[in-house]
Amino acid sequence: MAHLEISDLITAVEPRTGRRLPVRRAEVIQQLLASGDGRAARIVSRLPVDRDDVLDPQAVDTLLISVHTELQRLSEELRIGERLVHVLDPLFTAIRSTTPGTGPYRLVDVGCGLGYLVRRLAATHALGPDVELVGVDLDAALVGEADRLARAEGLGCRFVHGNAFDLPEAATVYVSTGVLHHFRGPALAEFFRAQAASPALAFCHFDIAATGLAPIGAWVFHHARMRHPLGRHDGVVSARRAHSDATLLRAAAAPGIRPLLYEPRGSVNPFCTTLRPVIGVRPHLEAPLRRALGRSARRLVGPELLTEATA
Ligand SMILES: C[S@@+](CC[C@H](N)C(=O)[O-])C[C@H]1O[C@@H](n2cnc3c(N)ncnc32)[C@H](O)[C@@H]1O
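In this numbering scheme, every chain counts its residues from 1 along its sequence in written order. Where totals are concerned, whole chains, interfaces and linings use all residues; where local detail is concerned, this predicted model gives features only for residues with pLDDT of at least 70, and gives and counts side-chain atom pairs only at 80 or more. To get the side-chain values, all heavy atoms of the structure are used, and hydrogens and water are removed first.

**Considerations on the side chain of Ser 35**
Helix numbers and strand numbers start at the N terminus; a helix is a DSSP run of H or I with at least 4 residues, a strand a run of E with at least 2. Within the element layout of this structure, Ser 35 appears in the loop between helix 2 (25–34) and helix 3 (38–45). Only protein chains enter the calculation, and the probe is 1.4 Å; a residue is then buried if its accessible area is under 20% of its type maximum, exposed if over 50%, and partly exposed in between. A residue is classified by how much of its surface remains accessible, and Ser 35, at 9% relative accessible area, is buried. The definition of a polar contact used here is a pair of N or O atoms within 3.5 Å, where within protein one atom must be able to donate a hydrogen and the other to accept one, and adjacent residues in sequence count solely through side-chain atom pairs. A polar contact of 2.8 Å, which involves the side chain of Ser 35, links it to the backbone oxygen of Leu 32.

The following block contains the structure:
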């Protein structure tokens, strides 16, 4: 059975321009039923439509903003912000040490949603004043809300509606959270190849660790913390769709990139594993990154050290 997330199906945009496309409810229900997910089909059947059976875009946007707000609370509880800084701070130290005086640098959050991470980095000044913070999302409503929240707090970051790989200015480092499992099949390697082909020096993408416990953990967390059935449904499905460590390392091995995984499966307590990053650096950055990580560098492994037990 293919695992489909409802939020991927109820909005559609032109990938190049971000222009919104109409979505017919019956077609979404059909797709979900064909995948064997009657529960998801029932959730969608309750969403409002117009006379032509097109899902009401405003109702969909309101729902997705509310689900992502709940998701932000989960990120706070799982301390995703701190965990991102734990890796990104040494990464920017490594970049500064190898390319002195070339700042300012630019961090681009691909698929930033409500921009929690970018807003948090801006509010805490965690990466220093020479790192420009940019969040990008194809979903106009989510990124619009991210922008509104950042302005309300007067934060030094910006949000852009569109494709993160079509920005007029190059990123120094691409990051994301909870995005990788949305890319299936060849699209995953293509995602990494786009970054390798850009002038970026590194990427760091956090996604759900594919452990046997992940779907159970996701069920507990999402049922305890999320109110709308769509959020609960998609939370558990995303844990089921999580890519294994080996799949991520293989896909991230794009030309000119050294792929690394921080805290691979088997190296950490499975009860505490939630999201972990796949990191790609230009090869000359690996040694300075390890130096900047200090003792934590032992948790950073390349494909050659991924054992049967950890793969
Ligand atoms: C599940 S959401 C993750 C949101 C956010 N990172 C979080 O943790 O709450 C995935 C988002 O990625 C966006 N997305 C996927 N590919 C993208 C691309 N190439 N450029 C910009 N946004 C993209 C989608 O529009 C969607 O909103």
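**Points about the site of the ligand**
Whether a residue is near a molecule or strand is decided by its heavy atoms; if any one of them lies within 4 Å of it, the residue is near. Near the ligand there are 18 residues, and of these Gly 111, Asp 137, Asn 163, Ala 164 and Thr 177 occur at the shortest range. Backbone polar atom of Leu 138 to a nitrogen atom of the ligand: 3.2 Å apart, as the coordinates give it. Contact distances for the ligand include 3.2 Å between a nitrogen atom and a side-chain N or O atom of Asn 163. Protein contact buries 81% of the 600 Å² of open area that the ligand shows by itself. Residues are grouped as follows: Ala, Val, Leu, Ile, Met, Phe, Trp, Tyr, Cys and Pro are nonpolar; Asp, Glu, Lys and Arg are charged; every other residue, Gly included, is polar. Of the residues belonging to the shell around the ligand, the class tally is eight nonpolar, eight polar and two charged. Residue exposure ignores everything except the shown protein chains as possible cover, and the areas themselves are Shrake-Rupley values with a 1.4 Å probe.

**Some details on the pattern of salt bridges**
Definition used for salt bridges: Asp or Glu carboxyl oxygen within 4 Å of a side-chain nitrogen of Lys or Arg. Following the criterion strictly, the structure yields 19 salt bridges and no others. Salt-bridge contacts for Arg 120 lead to Glu 82; the nearest nitrogen and oxygen are separated by 3.6 Å. Here Arg 120, found in helix 6 (residues 116–124), pairs with Glu 82, found in helix 5 (residues 80–98); they are 38 residues apart in sequence, far enough to count as distant. Residue classification places Arg 120 among the partly exposed residues on the basis of a relative accessible area of 23%. Shared partners join several salt bridges into a network, and the residues in it are Arg 106, Glu 132, Arg 158 and Glu 169.

**As for the nonpolar core**
Of all hydrophobic cores here, the largest spans 43 residues; its most connected members are Leu 88, Leu 107 and Leu 133. Here the element with the most residues in this core is helix 5; it accounts for nine residues. Not counting chain neighbours up to four residues away, the residues in contact with Leu 88 comprise Leu 107, Leu 127, Val 173, Val 175 and Cys 204. Within this scheme, the nonpolar core is defined by two criteria: the residues are buried Ala, Val, Leu, Ile, Met, Phe, Trp, Tyr or Cys, and they are joined through side-chain atoms within 4.5 Å. What makes two residues a contact is simply this: any of their non-hydrogen atoms within 4.5 Å.

**Remarks on the state of the cysteines**
When the sulfur atoms of two cysteines come within 2.5 Å, that pair is taken as a disulfide. Enumeration over the complete set of coordinates arrives at zero disulfides. For Cys 157, which is in no disulfide, the shortest distance to another cysteine sulfur is to Cys 112 and amounts to 9.5 Å. Cys 204 takes part in no disulfide bond, and the closest cysteine sulfur, belonging to Cys 112, lies 16 Å away. A relative accessible area of 0% means that Cys 204 is categorised as buried.

**Points about the packing of helix 4 (residues 57–77) against helix 7 (residues 140–152)**
Remark: helix 4 packs on helix 7, axes separated minimally by 9 Å, with the N-to-C direction vectors making an angle of 55°. Between helix 4 and helix 7, the crossing angle belongs to the class labelled oblique. Handedness of the crossing formed by helix 4 with helix 7: right-handed. Between helix 4 and helix 7, the contacting residues are Asp 61, Leu 64, Ile 65 and His 68 on the first element and Ala 141, Leu 142 and Glu 145 on the second. Per-class residue counts for the contact of helix 4 with helix 7 are four nonpolar, one polar and two charged. Every angle, taken between N-to-C directions, lies between 0 and 180 degrees, and every axis is a line fitted to C-alpha atoms, over only the stretch in contact when it is a helix. Roughly parallel refers to an angle under 35 degrees, roughly antiparallel to one over 145, roughly perpendicular to one between 65 and 115, and oblique to any angle outside these ranges. Here a crossing is taken to be left-handed if its near helix is turned anticlockwise relative to the far helix by less than a right angle, and right-handed if that turn runs clockwise.

**Topic: the sheet that holds strand 3 (residues 105–110)**
Two strands form a pair only when DSSP identifies at least two bridges running between them. Strands sit in the order 5-4-3-6-7-9-8-10 across an open sheet of eight strands; the sheet is mixed. Here the strands that pair on one side only, and so sit at the sheet edges, are strand 5 (158–161) and strand 10 (300–301). The sheet contact formed by strand 7 (residues 202–208) and strand 9 (residues 275–281) spans seven bridges and is antiparallel. In the strand pairing of strand 9, Asp 207 is matched with Arg 276. Set on the sheet, helix 11 (residues 245–252) makes contact with strand 7, strand 8 (258–262), strand 9 and strand 10; between it and strand 8 the angle comes to about 155°. The sheet contacts of helix 12 (residues 286–293) involve strand 8, strand 9 and strand 10, and relative to strand 8 the element is tilted by about 20°.

**So, the packing of aromatic side chains**
Only centres within 6.5 Å qualify two rings of Phe, Tyr or Trp (six-membered ring in Trp) as a pair; their planes then separate them into stacked at under 30 degrees, edge-to-face at over 60, and tilted for everything else. One pass over the structure, following the stated rule, counts six aromatic pairs. With a centroid separation of 6.3 Å and an interplanar angle of 50°, the aromatic rings of Phe 92 and Tyr 105 are classed as tilted. One end of the pair, Phe 92, is in helix 5; the other, Tyr 105, is in strand 3, with 13 residues separating them in the sequence. Here the aromatic residues Phe 165, Tyr 174, Phe 183, Phe 191, Phe 192 and Phe 203 are joined through ring pairs into a cluster of three or more.

**Remarks on the domain arrangement of the protein**
Domain extents, as shown, originate in an automatic or database domain assignment. In terms of domain boundaries, the protein breaks down into domain 1 (6–62) and domain 2 (64–305). With 16 residues of domain 1 in contact, the opposing surface of domain 2 contributes 17 residues. Surface buried jointly by domain 1 and domain 2 totals about 1400 Å² across both partners, of which 51% is contributed by carbon and sulfur atoms. Taken together, the connections running from domain 1 to domain 2 amount to one salt bridge. Asp 8 serves as the salt-bridge partner of Arg 241, at 3.3 Å between the closest nitrogen and oxygen. Counting the contacts that link domain 1 with domain 2 gives ten residue pairs in polar contact (both at pLDDT 80 or more). Throughout, the accessible surface (probe 1.4 Å) given up by two parts as they are put together, summed over both, is called the buried area.

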